[in-house]
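# Chains, contacts and geometry: an overview
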Amino acid sequence: MALYPSPCPLRTRRGGKKRLFILSLCAEDGQEMGVNQHTERIMSNADDYKNSQLYRVRHSTAHVMAQAMLERFPEALIAIGPPIEDGFYYDFDLPRPVTDEDLQWVENRMREIIREGHDFSEKEVTPDEARAFFAGQKYKIELINDLVAGRVDDMGNEIAQPASKITFWTQATFTDLCRGPHVKNTREINPDAVSITFKPPAGAYWRGDENREQLTRIYGTAWETAEQLEEYLHLLEEAKRRDHRVIGEKLGLFTISPLVGKGLPLWKPYGAMMRDTLERWLRQTQLDNGYLPVVTPHIGKLDLYKTSGHYPYYKDSQYAPIQVDEEEFLLKPMNCPHHVMIYKSEMRSYRDLPLRLAEFGTVYRYEQSGELTGLTRVRGFTVDDAHLFVTPGQLLDEFKDVVRLIQMIFNSLGLTDFRARVGTRDPESEKYVGDPAQWEQATQAIIQACEDLGLRYTVEAGEAAFYGPKLDFMVRDVLKREWQLGTVQVDYNLPERFELEYVAEDNSRPRPIMIHRAPFGSLERFMGILIEHFAGAFPVWLAPVQAVIIPIADRHVEPAEAVAAQLRARGLRVEVDKGKSRMQAKIREHRDRQVPYMLILGDRDVENGTVSVRLRTDEDLGALPLADFIEMAASLVESHSLELR
RNA sequence: GCCAUUGUAGCUCAGUCGGCAGAGCACACCCUUGGUAAGGGUGAGGUCACGGGUUCGAAUCCCGUCAAUGGCUCCA
């Protein structure tokens, strides 16, 4: 199997302090492989990629693109242009928007430049020479100054000490401030494996700072062969067909109405059926694991969130408070404070702990409009929330139990392509509250739990919640955007702010520690990811319709209803297709909507008490006694099997 | 929120130069009663996202609003 590793330099949210390499691997047949399934391979391959010919080709192609762009836009200011996962980009400050014609012209010109066979040469210069050369190129001047001052390097990464030297790389008429490495000659780039027209130009802030200039980012990709490029473009097309927004429409799972409000999904019957199935499953699992159900209202007084400390931190991303008479209420952006008040409603003894309060709590957050995406980023969503109130001695075991629960859920659904991220505080940030010693304690507990459970994880500073460190389960959607699903967070802060306590064995009144956890994260996002994960072909237990009965002729409709009634009696979700179209057309239709079982019912079946079973995979199981089929389907449902037979 | 692009039937889309609003699928009705990936016919369905402007005349050109898409920023 040939692997082409492709690192994705991800910037951390806060200040772009560091870069992390995440990879996805594509097998030769284009099948995507797991991100974390292959961590070892990936990690060794991250460096491999940076040292690879493909990396040099992409980096060099970025320079060629900049050269062509400067020919098209002589007054353009250039920023930075690094290789990234799957390609490269270059940021420009341009006098006008880039059109399709511009892109096409530049792409054609790039091919010419490549064919002209220019050498790449490196030259060391002094800071003054560099500044003189880039006079008028304010972004480059800023980079040079930062390099000399030891702040960030030419790719925008933080550096530990001032750069020891400044290097220029030149090909043909284009010279860039750059560390390299590059190919020796543009002839090493395959002009037929280069594209910048496959992706539209994008806005990007200089230095990733929304208060600074907005530049135009042109994305490009380069491969070794034209076939690889074609395959890559094909994969992008395929990904679009898996998109949960496309499948959600096709299968009638959900809709979003501008009149209701953007980012506020409406669940249609089939989608609600699935969502409800997931909810029932987790609810029962939690009951089995000692969680207690609670129910809390959708709003709370503003003072509640002031006490919890949430309000000042996040007031920009909340729906505005509702004023009624003299009081202000907030549509709840999180469930924690409500659960805290339930804890506080009674005197708690150490004998009562751990106390695990669970609720599928719907919350509302006013996310920036540009951030909303289908089900994966919305403004109203339901968290499969629970808060565990534990003693310090219980913390590690409870945390591990939560992680096991999440692992069980992910495994049950075959969601193996995730990574675990330990989010710790960024020591330089002011955002975090609480005692550093407790932070350290909590962080160690999380890492210890990951180690004990053999979980692969990365530690990332600056990814903690403001009140405590956390462990997140991250997955990527079909467009390779990364999303947080399951999360477990350790919190010393809320117990402190709400002055929670319990009576200990020695009659003292210590504070409990809170664990916030949500295995799905949110039902909306989890469903979105599941839709893409299964590409609409859900396991039988989750499928909104598990079987469709297809009567061959009208005279078989009545027996079909009788068969359906028997399936329903075993709890199976079944439809009878009484439509006028022909059987073949019906088969096609239900296969397209990924119904697991199609049961054909004709004279022979009615006579013999059988159904002719066809799977959505096109497998024909032939005529099965009805009781046998029901037994098979029901047992697959009960065991939450991922198989169809 | 910012940059760019887009918005035509329930869905996917065509609509040339500013001159009668189109197709396929889905839907309704009729014929076909069929054994494993689309049988045939007829019909209904539109404030061309919304508001304003230019023009004899606007789906088409201009401005604004709303929404979606890609990216950036953000994400309890």
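Residues numbered from 1 in each chain as written. Chains lettered and ligands numbered in written order. Predicted model: local features only at pLDDT ≥ 70, side-chain atom pairs only at ≥ 80, totals over all residues. Heavy atoms only, no water.

What follows is about the protein's contact with RNA strand B. The environment of RNA strand B is made up of 52 residues, and the closest members are Gln-214, Ser-317, Glu-371, Ile-552 and Ala-553. Taking all atoms of RNA strand B within 4 Å of the protein, the share assigned to sugar and phosphate is 46%. Between a base nitrogen of RNA strand B and a side-chain N or O atom of Arg-591, the distance comes to 2.4 Å. Going through the elements one at a time, strand S10 (202-205), strand S11 (214-222), helix H7 (244-250), helix H17 (583-592), helix H18 (603-608) and strand S28 (610-615) are the ones with two or more residues in the surface near RNA strand B. Tallying contributions element by element places H17 first for the surface near RNA strand B, with 6 residues. When grouped by side-chain class, the residues that make up the surface near RNA strand B number 18 nonpolar, 11 polar and 23 charged. (Near = heavy atom within 4 Å. Polar contact = N/O pair within 3.5 Å; in protein donor to acceptor, adjacent residues only side chain to side chain. Helix = DSSP H or I, 4+ residues; strand = E, 2+ residues; numbered from the N terminus. Nonpolar A, V, L, I, M, F, W, Y, C, P; charged D, E, K, R; others polar.)

Spatial strand order, S14-S18-S19-S24-S23-S22-S20-S21: 8 strands in an open sheet with mixed pairing. Two strands lie at the open edges of the sheet, namely strand S14 (292-293) and strand S21 (457-461), each paired on one side alone. Sitting on the sheet, helix H12 (residues 395-412) is in contact with strand S18 (355-364), strand S19 (380-390), strand S20 (418-424), strand S22 (470-476), strand S23 (482-491) and strand S24 (513-518), with an inclination near 160° to S23. (Pairing = 2+ DSSP bridges. Contact = heavy atoms within 4.5 Å. Axes fitted to C-alpha atoms, helices over the stretch in contact; angles between N-to-C directions.)

Another point: the nonpolar core. Grouped together as the largest cluster of nonpolar side chains are 83 residues, with contacts concentrated most on Tyr-597 and Phe-629. A total of 8 residues in this core trace back to one element, the largest contributor, which is H12. Listed in part, the 48 residues of the second largest apolar core include Ala-76, Tyr-89, Ile-114 and Leu-147. (Core = buried A, V, L, I, M, F, W, Y, C linked by side-chain atoms within 4.5 Å. Buried < 20%, exposed > 50% of the residue type's maximum accessible area, 1.4 Å probe, protein only.)

What follows deals with helix H19 (residues 626-638). Taking 1.5 Å of rise per residue, the 13 residues of H19 would be expected to cover 18 Å, and the 18 Å separating its terminal C-alpha atoms lies within 8% of that figure. When H19 is considered as a whole, its buried residues turn out to be Leu-626, Phe-629, Ile-630, Met-632, Ala-633, Ala-634, Leu-636 and Val-637. Turning to H19, the residues buried within the fold contact helix H16 (557-569), strand S27 (597-601), S28 and strand S29 (620-625). Phi turns positive, to about 55°, at His-640, one or two residues after H19. (Expected span 1.5 Å × (residues − 1).)

Packed helix pairs are specified by the crossing angle of their axes together with the interaxial distance, meaning the distance between the axes. For the pair helix H2 (residues 53-72) and helix H3 (residues 100-116), the least separation of the axes is 9 Å and the interaxial angle reads 120°. By the angle between their axes, H2 is oblique relative to H3. The way H2 lies across H3 gives a crossing that is right-handed. Contact with H2, carried on its side by Thr-61, Val-64, Met-65, Gln-67, Ala-68, Met-69, Glu-71 and Arg-72, involves Glu-101, Asp-102, Trp-105, Val-106, Arg-109, Met-110, Ile-113 and Ile-114 of H3 and no other residues of that element. Split into classes, the residues belonging to the contact of H2 with H3 amount to 9 nonpolar, 2 polar and 5 charged. (Parallel < 35°, antiparallel > 145°, perpendicular 65-115°, else oblique. Left-handed = near helix turned anticlockwise from the far one by under 90°.)

What follows concerns H3. Here H3 spans 24 Å end to end across 17 residues, near enough to the 24 Å set by a 1.5 Å rise per residue. The complete set of buried residues in H3 reads Asp-102, Leu-103, Val-106, Glu-107, Arg-109, Met-110, Arg-111, Ile-113 and Ile-114. Against the buried residues of H3 lie H2, strand S5 (87-93), strand S9 (194-195) and S11. Just beyond H3, the residue with positive phi is Gly-117, at close to 70°.

Our next topic: the packing of helix H8 (residues 269-288) against helix H15 (residues 523-534). Relative to each other, H8 and H15 sit at 110°, their axes nearing to 11 Å. The angle between H8 and H15 places the two elements in the roughly perpendicular class. Between H8 and H15, the contacting residues are Gly-271, Met-274, Arg-275, Leu-278 and Glu-279 on the first element and Leu-523, Glu-524, Phe-526, Met-527 and Leu-530 on the second. The residue makeup of the contact of H8 with H15, split by class, is 6 nonpolar, 1 polar and 3 charged.

Here we come to the sheet that holds strand S7 (residues 166-171). Read across the open sheet, the 3 strands follow the order S6-S7-S8; overall the sheet is antiparallel. The strands lining the two open edges of the sheet, one partner per strand, are strand S6 (120-125) and strand S8 (174-177). Pairwise comparison of adjacent strand axes, ignoring direction, gives a mean angle of 25° for this sheet. Across 4 bridges, the pairing between S7 and S8 is antiparallel. Directly across from Thr-170, in S8, lies its bridge partner Thr-175. The sheet strands contacting H2 are S6, S7 and S8, and the helix crosses S8 at an angle near 125°. Here helix H5 (residues 138-149) sits on the sheet and contacts S7 and S8; the angle it forms with S8, its principal contact strand, is near 40°.

Okay, the pattern of salt bridges next. Under the definition given, this model contains 52 salt bridges. For the salt bridge of Glu-482 with Arg-419, the shortest nitrogen-to-oxygen distance reads 2.5 Å. Of the two residues, Glu-482 sits in strand S23 while Arg-419 sits in strand S20, which places them 63 residues apart along the sequence. With a relative accessible area of 6%, Arg-419 lands in the buried category. A salt bridge links Glu-561 to Lys-578, with the shortest nitrogen-to-oxygen separation between them at 3.0 Å. Of this pair, Glu-561 sits in helix H16 while Lys-578 sits in the loop between strand S26 (574-576) and H17, placing them 17 residues apart in sequence. Because the salt bridges share partners, they merge into one network encompassing Lys-138, Glu-142, Asp-146, Arg-207, Arg-212 and Glu-213. (Salt bridge = Lys/Arg side-chain N within 4 Å of Asp/Glu carboxyl O.)

The next thing to look at is the side chain of His-339. Considering the arrangement of structural elements, one finds His-339 in helix H11 (residues 336-344). You can call His-339 buried: its relative accessible area is 0%. Discounting residues that sit within four places of it in the chain, His-339 has contacts with Val-294, Thr-296, Leu-357, Glu-359, His-387 and Phe-389.

On to the environment of Gly-393. One can find Gly-393 in the loop between S19 and H12. Of the residues examined, Gly-393 reaches a relative accessible area of 70% and is grouped as exposed. For Gly-393 and Arg-425, which are 32 residues apart along the polypeptide, the C-alpha to C-alpha distance reads 23 Å.

When the pLDDT values of chain A are averaged, the result is 89; 91% of them are 70 or greater. When the elements of chain A are averaged for pLDDT, strand S1 (residues 6-11) gives the smallest value, 28, and S14 the largest, 98. With pLDDT under 50 throughout, residues 1-44 is counted as low confidence; its partners more than four residues away or in other chains account for 117 contacts. For this predicted complex, the interface confidence comes out at an ipTM of 0.94, alongside a pTM of 0.91. (pLDDT = per-residue confidence, 0-100.)

It is worth spelling out a nonpolar patch on the surface at this point. A contiguous nonpolar surface patch, about 210 Å² in accessible area, is contributed by Ile-299, Ile-322 and Val-324. On the secondary structure map, Ile-299 appears in strand S15 (residues 299-301). Since its relative accessible area comes to 35%, Ile-299 is described here as partly exposed. (Patch = residues over 30% accessible without salt bridge, like charges linked within 9 Å, V, L, I, M, F, W, Y side chains within 5 Å. Areas by Shrake-Rupley, 256 points an atom, 1.4 Å probe, with all protein chains shown as cover.)

A few words now on unusual backbone geometry. In this chain, Gly-180 is followed by Pro-181 through a cis amide linkage whose omega measures 0°. Within the element layout of this structure, Pro-181 appears in the loop between S8 and S9. For the bond running from Leu-353 to Pro-354, omega is 0°, close enough to zero to count as cis. Structurally, Pro-354 can be placed in the loop between H11 and S18. A positive phi is found at Asp-325, a non-glycine position, where the angle reads about 50°. Counting through the fold element by element, Asp-325 comes out in the loop between strand S16 (322-324) and strand S17 (327-331). For Asp-325, a relative accessible area of 68% corresponds to the exposed category. For Lys-480, which is not glycine, the phi dihedral falls at a positive 70°. Counting through the fold element by element, Lys-480 comes out in the loop between S22 and S23.

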